[in-house]
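One-letter residues, chain by chain:
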Amino acid sequence: MRLGTRLMATIAAAILLPVLTSVPATADARVDNPYVAARGYVDPWWYAWARAQPGGAPVATSSTGVWLDRVSSIEGTASFPGLRAHLNQAVLQAGGSGPLTIQIVLNDLPDRNCTHLVSNGDFSLASDGLNRYRNEYVDPIAGILADPAYQRLRIVAIVEPDFLPGLLAPAITSRCAAVQASGAYPEALRYAVNRLLAIPNVYVYLDASHHGVVGHPDNFGRAAGLLASIVGAAGGAPSPVHGFTVNVAGYGALVEPYYNTHMGLPVKTSRWVAGNDYVDELSFAQAFRQRLIAAGFASDIGMVIDTSRNGWGGRRRPVHTSTVGDVNRFVDESRTDRRHSVGNWCNQAGAGLGERPRAIPASGIDAYAWIKPPGVSDGSSVNVTAPDGTRHDPMCDPAYLQVNNGNVPGGALPDAPAAGQWFEAQFQELLTNAYPPL
């Protein structure tokens, strides 16, 4: 996230970023759920953006994730803070008033997001990407997190959002073919998980994509088995990770109240559902948790759902189940998720803030969390390369049509800045379409 000079000066005048030299008391013992009885870290930089927007004050103190999506984001630059800056702020916020949970997102796999048409990660498998990922990315992060100055924090490490599609789907790009042939994703993930788990106050949540991918019958069991094989889960022994995240930075509706796949109409055959067994993230997360337990994970494994942008409120939100007989119209008129396709992921028009962060909101769910900071762009709407090398993805172009998906529009908002930058128009839309309403 990039900050303007004036905003940086305002923040610098309001908060301090000290170098912590004193060693705090012994770290607390790990708990079953790091979100329970803990305050969430409020990113002061995101707070300043949100608080400055009309209508933003009610959500500005919400806890959001800290994304490490480039090597440069670990140390930070003149225009955005690094990991230590955030951790130092978290220590100040924690003070002596009880536990504080901070969410750190690792997102820089070699050939990251290989299913996308372009990559904006640092590492390529063609250039020793696996070793570089270990040495230049995971090791420095783990070294900082292990600093005794941070041992009283509950650090939730969310490992590599949305890597599963690159392993489950047919290799639709040459990068995905290389990823699948090399075994690099499992090796990289295994390394990251093991390094982070060695730090006593770090809670590791491996990503499990979202209902639109893993909910399909062909992927459901395969995904659970793959995750178990990556981290070595077996026989219900203590789980090698603390849980799994779903819908990270996604837009999938938390609950679809007006239709499901068990209704009388052949809902699963509709264009929108396309054979999926699930139509929302909560039902998927709860069912997939049970499948993970069957694959070898312990019965206390937890799920976290990112609800930062899946509210789908506003004037277009349906208020009842459709009564039409045509299955496609029935689904389109009943669903709250207003995207053109369940696979659309970039700056989606019509989206709203979702459920506010809270612990144990439903059975088997550790938390609803805002992992993606609302109002932070998914990518530029025009074909430009950002100063940090982040490349444009066609899905972020409002005019983009998915030729291989019946010319379905991508649904992106116009005038979006590069990935990671503040997108004021999107934030205003998220406020307007929040559900539950603000």
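Residues numbered from 1 in each chain as written. Predicted model: local features only at pLDDT ≥ 70, side-chain atom pairs only at ≥ 80, totals over all residues. Heavy atoms only, no water.

A few points about the overall build of the chain
Stage number 1. Broken down by element type, the chain carries 13 helices and 11 strands.
Stage number 2. On the principal axes, the C-alpha backbone points of the chain span a range of 70 × 50 × 45 Å.
Stage number 3. For the chain, buried positions account for 55% of its 438 residues.
Stage number 4. Sequence separation of 24 or more characterises 78% of the internal contacts of the chain that already satisfy a separation of 6 or more.
Stage number 5. For the chain, the exposed area adds up to about 17200 Å²; of that, 54% sits on carbon and sulfur atoms.
Stage number 6. Counting 32 positive and 36 negative side-chain charges, the chain places the centres of these two groups 3 Å from one another. (Helix = DSSP H or I, 4+ residues; strand = E, 2+ residues; numbered from the N terminus. Buried < 20%, exposed > 50% of the residue type's maximum accessible area, 1.4 Å probe, protein only. Contact = heavy atoms within 4.5 Å. Areas by Shrake-Rupley, 256 points an atom, 1.4 Å probe, with all protein chains shown as cover. Lys, Arg positive; Asp, Glu negative; His and termini not counted. Charge placed at Lys NZ, Arg CZ, Asp CG, Glu CD.)

Some details on the pattern of salt bridges
Stage number 1. Inspection of the entire model under this criterion finds 14 salt bridges.
Stage number 2. For glutamate 187, the salt bridge is made with arginine 190, and the minimal N-O distance between the two is 3.0 Å. Highlighted residues: glutamate 187 and arginine 190, both in helix H8 (residues 184-197), separated by three residues, approximately one helical turn.
Stage number 3. Through salt bridges that share partners, Arg134, Glu187 and Arg190 make up one connected network. (Salt bridge = Lys/Arg side-chain N within 4 Å of Asp/Glu carboxyl O.)

Notes on the nonpolar core
Stage number 1. Ranked by size, the top nonpolar core spans 75 residues in total, and within it Phe163, Phe244 and Phe288 carry the most contacts.
Stage number 2. Here this core gets eight residues from one element, more than from any other, and that element is helix H5 (residues 129-145).
Stage number 3. Judged by nonpolar contacts, the second largest core, of 17 residues, contains Trp46, Val59, Leu431 and Ala434. (Core = buried A, V, L, I, M, F, W, Y, C linked by side-chain atoms within 4.5 Å.)

Re the pairing of strand E4 (residues 154-159)
Stage number 1. The element E4 is largely enclosed, with a buried count of six among its six residues.
Stage number 2. Side chains of E4 alternate between two faces, with Arg154, Val156 and Ile158 and Ile155, Ala157 and Val159 buried alike.
Stage number 3. Relative to E4, strand E3 (residues 100-106) is paired through six bridges, and the arrangement is parallel. The residue of E4 that forms the bridge with threonine 101 is arginine 154. (Pairing = 2+ DSSP bridges.)

Remarks on the environment of arginine 356
Stage number 1. By secondary structure assignment, the location of arginine 356 is in the loop between helix H12 (327-334) and strand E8 (358-362).
Stage number 2. Leaving out residues up to four positions away in the same chain, arginine 356 has contacts with Tyr368, Trp370, Tyr435, Pro436, Pro437 and Leu438.

Concerning the packing of aromatic side chains
Stage number 1. For the structure on display, the rule yields 12 aromatic pairs.
Stage number 2. When the centroid spacing of 6.3 Å and the interplanar angle of 85° are considered together, the rings of phenylalanine 123 and tyrosine 133 count as edge-to-face. Here tyrosine 133 lies in helix H5 and phenylalanine 123 lies in the loop between E3 and H5, a separation of 10 residues in the sequence.
Stage number 3. We classify tyrosine 133 as buried; its relative accessible area is 0%.
Stage number 4. Ring centres of phenylalanine 220 and tyrosine 278 lie 5.5 Å apart, and the angle between their planes is 25°; on these two criteria the pair is classed as stacked. (Phe/Tyr/Trp six-rings, centres within 6.5 Å; stacked < 30°, edge-to-face > 60°.)

Topic: the environment of alanine 223
Stage number 1. Among the secondary structure elements, alanine 223 is positioned in helix H10 (residues 217-231).
Stage number 2. Measuring from C-alpha to C-alpha, the distance between alanine 223 and alanine 208 comes to 7.9 Å, with 15 residues separating the pair along the chain.
Stage number 3. Discounting residues that sit within four places of it in the chain, alanine 223 has contacts with Leu164, Leu168, Val214 and Phe288.

Regarding the state of the cysteines
Stage number 1. Tallied over the entire structure, the rule returns two disulfides.
Stage number 2. Paired through a disulfide, cysteine 114 and cysteine 176 show a sulfur-sulfur distance of 2.1 Å. Judged by the torsion about the S-S bond (100°), the cysteine 114/cysteine 176 disulfide is right-handed. Here cysteine 114, found in the loop between E3 and H5, pairs with cysteine 176, found in helix H7 (residues 174-182); they are 62 residues apart in sequence, far enough to count as distant. Cysteine 176 shares its class with cysteine 114; the two are buried.
Stage number 3. The residue that forms a disulfide with cysteine 346 is cysteine 396, at a sulfur-sulfur distance of 2.1 Å. Across the S-S bond of cysteine 346 and cysteine 396 the torsion is about 100°, and the bridge reads as right-handed. (Disulfide = S-S within 2.5 Å.)

Details of helix H11 (residues 281-294)
Count 3.6 residues to each turn of an α-helix, and residues three or four apart come out pointing the same way.
Stage number 1. Counted at 1.5 Å a residue, the expected span for H11 with its 14 residues is 20 Å, and the 20 Å between its end C-alpha atoms agrees.
Stage number 2. Within H11, the full set of buried residues consists of Glu281, Leu282, Phe284, Ala285, Phe288, Arg289 and Leu292. Each buried residue of H11 sits inside an arc of 155° when the element is viewed along its axis, so together they form one side.
Stage number 3. Among the structural elements, helix H9 (211-214), H10, strand E6 (243-246), strand E7 (302-306), E8 and strand E9 (365-369) are those in contact with the buried residues of H11.
Stage number 4. At the exit of H11 stands glycine 296, carrying a positive phi of roughly 130°. (Expected span 1.5 Å × (residues − 1). Arc of directions from axis to C-beta.)

What about the packing of H5 against H8?
Stage number 1. Axis separation between H5 and H8 bottoms out at 10 Å; the angle between their running directions is 20°. Regarding the angle of H5 to H8, the classification is roughly parallel. Here H5 runs over H8; the crossing is right-handed. Within the contact between the two elements, H5 uses Leu130, Tyr133, Arg134, Val138, Asp139, Ala142 and Leu145 and H8 uses Ala184, Glu187, Ala188, Tyr191, Ala192, Arg195 and Leu196. (Axes fitted to C-alpha atoms, helices over the stretch in contact; angles between N-to-C directions. Parallel < 35°, antiparallel > 145°, perpendicular 65-115°, else oblique. Left-handed = near helix turned anticlockwise from the far one by under 90°.)

Quick word on the pairing of E3
Stage number 1. Within E3, seven of the seven residues are buried, leaving the element largely enclosed by the surrounding structure.
Stage number 2. Alignment of strand E1 (residues 39-40) against E3, held across two bridges, turns out to be parallel. When the bridges of E3 are listed, glycine 40 appears paired with threonine 101.
Stage number 3. Sheet topology places strand E2 (residues 66-68) next to E3; three bridges connect them, and they run parallel.

Here's the deal with unusual backbone geometry
Stage number 1. Between tyrosine 435 and the following residue, proline 436, the backbone shows a cis peptide bond with an omega angle of 0°.
Stage number 2. In this fold, proline 436 is placed in the segment after helix H13 (424-432).
Stage number 3. You will see that isoleucine 360, though not glycine, has its phi angle at about 45°, which is positive.

Some thoughts on the side chain of asparagine 247
Stage number 1. Within the fold, asparagine 247 resides in the loop between E6 and H11.
Stage number 2. Take asparagine 247: its relative accessible area is 2%, and that puts it in the buried class.
Stage number 3. Here aspartate 306 takes part through its backbone oxygen, which lies 2.9 Å from a polar atom of the side chain of asparagine 247.
Stage number 4. If we skip the residues at most four places from it in the chain, asparagine 247 touches Ser209, His210, Gly252, Glu281, Ile305, Asp306 and Asn310. (Polar contact = N/O pair within 3.5 Å; in protein donor to acceptor, adjacent residues only side chain to side chain.)

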